[in-house]
Structures are given as C-alpha cells and as structure tokens.
Amino acid sequence: MTSSDNSGDELDQTADAAEVARLRAELDKLKAAQEATQEPTTPGARTGWWRTVVVGILVLVAAVLAPLSVLATWAQGQINDTDRYLATVGPLAKDPDVQKAMAARIEQVVFSYLDIDAATEQLVAAINQTALPGPAAATLQAAVGPLATGIKNFVSDKILEFVRSDAFEDAWITANREAHSQLVAALTGEGDAVKIHNGEVTIGLATIIDTVKTQLTDAGFALADRIPEVDATFTVFQSDDLGKVQKALGFLDGLSTWLPVIGLGLLAIAIVIARDRRRVVFAAGIAIAAAMLLLGLALNAIRPFYLDALPASSNAAAAGVLYDQIVMFIRFALRGVLVLAIAVAFGAWLSAPRGSGAAARAGLSHSIDAVRRGGARAGMNTGRLGIFLRQYRAAVRVAVVAVAALWYLSIDHPTGSTALVFVVVVVVLLLVTELLAAAPAATPAAAPEEAPTSP
C-alpha cells in the first residue's frame, strides 16, 4: 500500500470520527432536553396523585378570590377614602340625565314653598281692587293662568340653567363631601347619622336650594325670599335589598387587605408543590382572567335587574347613569387584573419546552439573533454592556420584572390601561436587553512558532 493510500484512509477515519463525535453531541443534547421535561422519578421528588388535586383546588379558590379582592378594594376605597368617593360621584354633576333629575327635584322643593298660582291670584285680586274698567279687569283675570305658567317657566329655566353651570358642580361636590360620612354609615350600617327609609340613601339639598334661592333673588324674582332653610334630600341610591348591600360592603371592607394576600399565597403554594410549575402558572393566569370576565358580565347582568326593581316614580335614566358611575372603578380594576393575568399566561405559554410555545420562542430568538448579527455587520458593538447582559441575562430579566411589579403595586388604583402600559414597557425592556446582549469576541489563536532552520 502506497503512502498516498494510507493518507486517504487516515483522512476518512478522521472525518468519520468527527461525524461520530458530532452525532454523539447531538444525542447528548436531546437526552438532556428530554430529561429536563420529564417528571422526576427520584424518591421524594414531585410525584404523587395528590399534587394535581391540591393544586387544582388552590388555583380554583384563588380564581374565586380574585373578583372578591377587586370588589373588596373598591368597597374599601369608597368607604374610607372621601376623595375616592368624590371621584366616583363627582362626574355625575355633568351628566344630562342627572341634571334633569336634580332640576326636577329642586323644582318640586321650590314650588312646595312657593304657591305660584295662589300668589298670582292674590296679585290680580289686589289690582282689581283699584277699580279697573270692566274689560281691563276681565282681561287681567283671564291672564292669571298664563301669568302663573310664565312665572313657573321662568323659575324652571333658572333652575335648569343653574344645574348646568359650574356653580352646581361645586355645590354638588360640597354636598357629597359633607354627606360622605353619613353615606358610609348608611352603606355599612354603622352609626346613627342616617336613617334609611324604604331602602333609600340620600344627600342633603340645603346648600343647593340656598344657591338657587340666591340666584332667583338676584334675577329679580323677589318671591324666592319666601323659601326657608329646607331639609330636602336627593336620592342617590335606592334598593329594597339595601340591608344585604350593607352586610356585603361591611364584610368586603374588613377583608380588603387580606383577600389579595390570601389569593397570592394560595397561588404561591400551588406553584411550589406542582409537578409542572409552568403549567400551573399558565392555568392560574387563564383562570383569573376568566374570573375577571365573569365579574364584568355579572355587573352588566345586574344593571337591568336593578333598574327594573326601582319604583315607577324614579328616574330610570339617572339611576342607570348612577349605577354605571358607581361600578366604573370596579370595571377599571378588573381590567387591570385581566391584562396582567393574560400577560402571565402568555409568558408561561411562551416558556414551554415544546409545542407551539417553544416554536414561537425559537422564532423570536432567531429574529433577535438576526437583528443582532445585522447590527454587528453594520459596525454596532455593545462592548462591556453587551457582555454583562449576556453573562447575567437571567438576573437582568428577574430585576426588570420585579421592579415593574413593585412599581405597579405601588399605584393605588391601577386600571386596564395602566396594566397594559406596564406589560408593554416590560416586554420592550426585555427585548432591548436581548438585542444588546452579546457574547465576548473570540480571541484569535496564536500563530504556531516556526521551527528554527538549520544554517
């Protein structure tokens, strides 16, 4: 056998050995990935049928507590925070339906003290005593009705003009601020400041009636001076089940601090004992999102039942506006929890070791690598920052999520928009850190020293 044949055999053997080594390396990677996704089989590891049952119960209870936590937080804000309560009822002063209902109530109070028809009759009788000619007296007597109607229309127009002004908004806020403690007593059943009659919760109109009286007097309607200080009220809530509402709000207010903590604690326990923690996080996110959707549907379903139960004398349009305004902050809160729950579920799906989530993650990773390589070809170099982000990638991710979570929890009343902004910001920050992360440049191998040549 020639030397060239021996060299060819050696090259073939070397190539075969390299291919075998490559195949073995690939096989080792597949085995490691398979072992990572398999359930532990060592004694005392995550085995046992009870884990699935307990985890399912914990996630279910946490999902039930989620909407109760939203309601408890809302109740606590309305009861203990006057500014929060005013933020709820304050905008009602600008609603046309509420303005019409308030104007009708003010008219009812004003006209109960001002008998316009009787006053007009007295005025005409006094004029007739001046011995007017017969035709003039007859004409004046015929004008009693239109004159009284004109005066009433004048008063009604002034009242409607007032309730559409900024002065009414200020008076509305003042009246509600003064009544907040009494409303709290009515809703919680604590104290004797307010007596509930026929399931009604009311605010005093004394300040508002006094302002109307002043404006009528300034407009030249001296008859308004006859209006005394009144103790009239305006109904802001009416329900035959107000006693049940009292008990529910009192119960939720007492648990407002503990319900979210208990829910999160149950989820933490479920994740710790779960056989597959990622799946539990995914299931918890879906379950809580579903609970928020059910709460939203329940609020929409309760509305027509509440309106149908109102007395015929009630203003249904104003009552509907009041209901929507009261539950508005509940809807804001549930949307915030809904967005976070969906984001958590999406993150758990994206971290799946196989399936559609793994495929999506691989595609995203390839896209980031392509952008990073394109930047490198364009001369972009992240330097030590890129190396640091690459080396401490996991710690950076945890820090970004933790800071965002703490910041979000520091907000008193986050909404769906707030949660969406936080989720978008976190995703953008994570993508930027991935793009900037770069492996250290490979050190070129030193050239082999040339053997000294013999002289």
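The residue numbers shown here count from 1 along each chain, following its written sequence. Only residues with pLDDT of 70 or above have their local features reported here, since the model is predicted, and side-chain atom pairs are shown and tallied only from 80 upward, although totals for entire chains, interfaces and linings are computed over all residues. Neither water nor hydrogens contribute to the side-chain values; these are computed over all heavy atoms in the structure.

Trainee: Break down the overall build of the protein chain for me, citing the residues and quoting the values.
Mentor: Each helix is a run of H or I in the DSSP string that is no shorter than four residues. Each strand is a run of E no shorter than two, and both are numbered from the N terminus. Along the protein chain, the regular secondary structure elements total 17 helices and two strands. In the protein chain, which comprises 455 residues, the share counted as buried stands at 31%. When contacts within the protein chain are restricted to residue pairs at least 6 apart in sequence, long-range pairs at least 24 apart make up 80% of them. Here the protein chain displays about 27,500 Å² of accessible surface, and carbon together with sulfur accounts for 63% of that area. Relative accessible area decides the class of each residue, using a 1.4 Å probe on protein chains only: under 20% of the type maximum gives buried, over 50% gives exposed, and in between gives partly exposed. In what follows, residue pairs with any heavy atoms lying within 4.5 Å of each other are defined as contacts. Surface exposure here means Shrake-Rupley accessible area, sampled with a 1.4 Å probe, where a residue is shielded only by the protein chains that are shown.

Trainee: Break down the side chain of Gln99 for me, citing the residues and quoting the values.
Mentor: By secondary structure assignment, the location of Gln99 is in helix α4 (residues 96–113). Counting of polar contacts relies on pairs of N or O atoms within 3.5 Å, with two restrictions inside protein: one atom must be capable of donating a hydrogen and the other of accepting it, and residues adjacent in sequence are counted only when both atoms are side-chain atoms. At 2.9 Å, the side chain of Gln99 forms a polar contact with the backbone oxygen of Ala93. With near-sequence residues (within four places) excluded, Gln99 lies in contact with Ala93, Lys94, Val163 and Arg164.

Trainee: So what's going on with the packing of helix α3 (residues 82–89) against helix α13 (residues 316–350)? Residues and values would help.
Mentor: The angle between the axes and the distance between the axes are what describe a pair of packed helices. One can describe the packing of α3 onto α13 by two numbers: an axis separation of 8 Å at closest approach and a directional angle of 125°. Considering their axes alone, α3 and α13 lie oblique with respect to each other. Counted together, Arg84, Ala87 and Thr88 of α3 and Gln325, Ile326 and Phe329 of α13 form the full contact between these two elements. The nonpolar class holds Ala, Val, Leu, Ile, Met, Phe, Trp, Tyr, Cys and Pro. Asp, Glu, Lys and Arg form the charged class, and all remaining residues, Gly among them, are polar. Each residue belonging to the contact of α3 with α13 can be placed in one class, and the counts come to three nonpolar, two polar and one charged. Convention adopted: a line fitted to C-alpha atoms gives each axis, helices being fitted over their contacting stretch, and angles between N-to-C directions are expressed from 0 to 180 degrees. Just so you know how the angles are binned, under 35 degrees is roughly parallel, over 145 roughly antiparallel, 65 to 115 roughly perpendicular, and the rest oblique.

Trainee: I'd like a description of the confidence of the model for the protein chain, backed by residues and values.
Mentor: Within a predicted model, pLDDT stands for the predictor's per-residue confidence, ranging from 0 to 100. Per-residue confidence for the protein chain gives a mean pLDDT of 75, with 70% of residues at or over 70. Helix α6 (residues 134–142) is the least confidently modelled element of the protein chain, averaging 57 in pLDDT, while helix α11 (residues 258–273) averages 90, the highest of any element. Scored below 50 in pLDDT, residues 36–45 shows eight contacts in the model against residues more than four places distant or in partner chains. Taken as a whole, residues 191–195 scores under 50 in pLDDT and shows three contacts with residues more than four places along the chain or in a different chain.

Trainee: Tell me what's going on with the pattern of salt bridges, and back it up with residues and numbers.
Mentor: When a carboxyl oxygen of Asp or Glu lies within 4 Å of a side-chain nitrogen of Lys or Arg, that pair is called a salt bridge. Across all of its chains, the model carries six salt bridges by this definition. Glu434 serves as the salt-bridge partner of Arg393, at 3.6 Å between the closest nitrogen and oxygen. One end of the pair, Arg393, is in helix α16 (residues 393–409); the other, Glu434, is in helix α17 (residues 416–436), with 41 residues separating them in the sequence. Of the residues examined, Arg393 reaches a relative accessible area of 25% and is grouped as partly exposed. Of the charged contacts in the structure, one is a salt bridge between Glu434 and Arg397, with a shortest N-O distance of 2.7 Å.

Trainee: An account of the nonpolar core is requested, with residue identities and associated values reported.
Mentor: Here the nonpolar core consists of buried residues drawn from Ala, Val, Leu, Ile, Met, Phe, Trp, Tyr and Cys, with membership extended through side-chain atoms lying within 4.5 Å. Core analysis: the largest hydrophobic core is formed by 37 residues, its most contacted members being Met102, Ile106, Phe168, Trp172 and Ile208. Elements represented by at least two residues in this core include exactly α3, α4, α7 (144–163), α8 (166–188), α9 (206–218) and α13. In terms of residue count, α4 provides more of this core than any other element does, seven residues in total. The residues touching Trp172, leaving out its near neighbours within four places in the chain, are Val89, Gly90, Leu92, Ala93, Met102, Ile203 and Phe234. Among the nonpolar cores identified, the runner-up in size contains 36 residues, and Leu58, Val70, Ala75 and Leu266 belong to it.

Trainee: Tell me about the environment of Leu68, and please be specific about residues and values.
Mentor: By the element assignment, Leu68 lies in helix α2 (residues 49–80). Residue class for Leu68 comes out partly exposed when judged on its relative accessible area of 33%. Measuring from C-alpha to C-alpha, the distance between Leu68 and Pro260 comes to 8.7 Å, with 192 residues separating the pair along the chain. Ignoring any residue separated from it by four or fewer positions in sequence, one finds Leu68 in contact with Leu252 and Leu259.

Trainee: Describe the packing of aromatic side chains, with residues and values.
Mentor: Aromatic ring pairs are described here by two measures, namely the spacing of the ring centres and the angle between the planes. Between rings of Phe, Tyr and Trp, where Trp is taken as its six-membered ring, a pair exists when centres lie within 6.5 Å; planes separated by under 30 degrees are stacked, by over 60 edge-to-face, and by other angles tilted. Here the structure, examined in full by the defined rule, presents seven aromatic pairs. Between the aromatic rings of Phe329 and Phe332, the centroid separation amounts to 5.9 Å while the plane-to-plane angle is 90°, which identifies the pairing as edge-to-face. With Phe329 and Phe332 both in helix α13 and three residues apart, the pair spans about one turn of that helix. Taking 5.5 Å as the distance between ring centres and 40° as the angle between the ring planes, the aromatic pair formed by Phe346 and Trp349 counts as tilted.

Trainee: Before we move on, could you go through the environment of Ala370 and cite the residues and values that matter?
Mentor: Tracing the chain through its elements places Ala370 in helix α14 (residues 356–377). Sequence-wise, Ala370 and Leu435 are 65 residues apart; in three dimensions their C-alpha atoms are separated by 9.6 Å.

Trainee: Describe in detail α11, supporting the description with residues and values.
Mentor: Expected span of a helix, by definition, is 1.5 Å for each gap between consecutive residues, and there is one gap fewer than residues. Between its first and last C-alpha, α11 extends 23 Å over 16 residues, near the 22 Å set by a 1.5 Å rise per residue. Of the residues making up α11, those classed as buried are Leu259, Gly263, Leu266, Leu267, Ala270 and Ile273. Relative to the axis of α11, the buried residues are bounded by an arc of 140° and lie together on one face. Exposed and oriented more than 90 degrees from the buried face of α11 are Trp258, Leu264 and Val272. By arc we mean the arc of the directions from the helix axis to the C-beta atoms, nothing more.

Trainee: Outline the side chain of Ser156, supporting the account with residue identities and numerical values.
Mentor: Position of Ser156 among the secondary structure elements: in helix α7. Among the residues examined, Ser156 registers a relative accessible area of 16% and is labelled buried. Among all residues touching Ser156, those that are not within four sequence positions of it are Glu107 and Phe111.

Trainee: Provide a residue-level description of the environment of Ile159, including the pertinent values.
Mentor: Counting through the fold element by element, Ile159 comes out in helix α7. Exposure remark for Ile159: the relative accessible area of 0% places this residue in the buried category. Separated by 53 residues in the primary sequence, Ile159 and Ile106 have C-alpha atoms spaced 7.4 Å apart.

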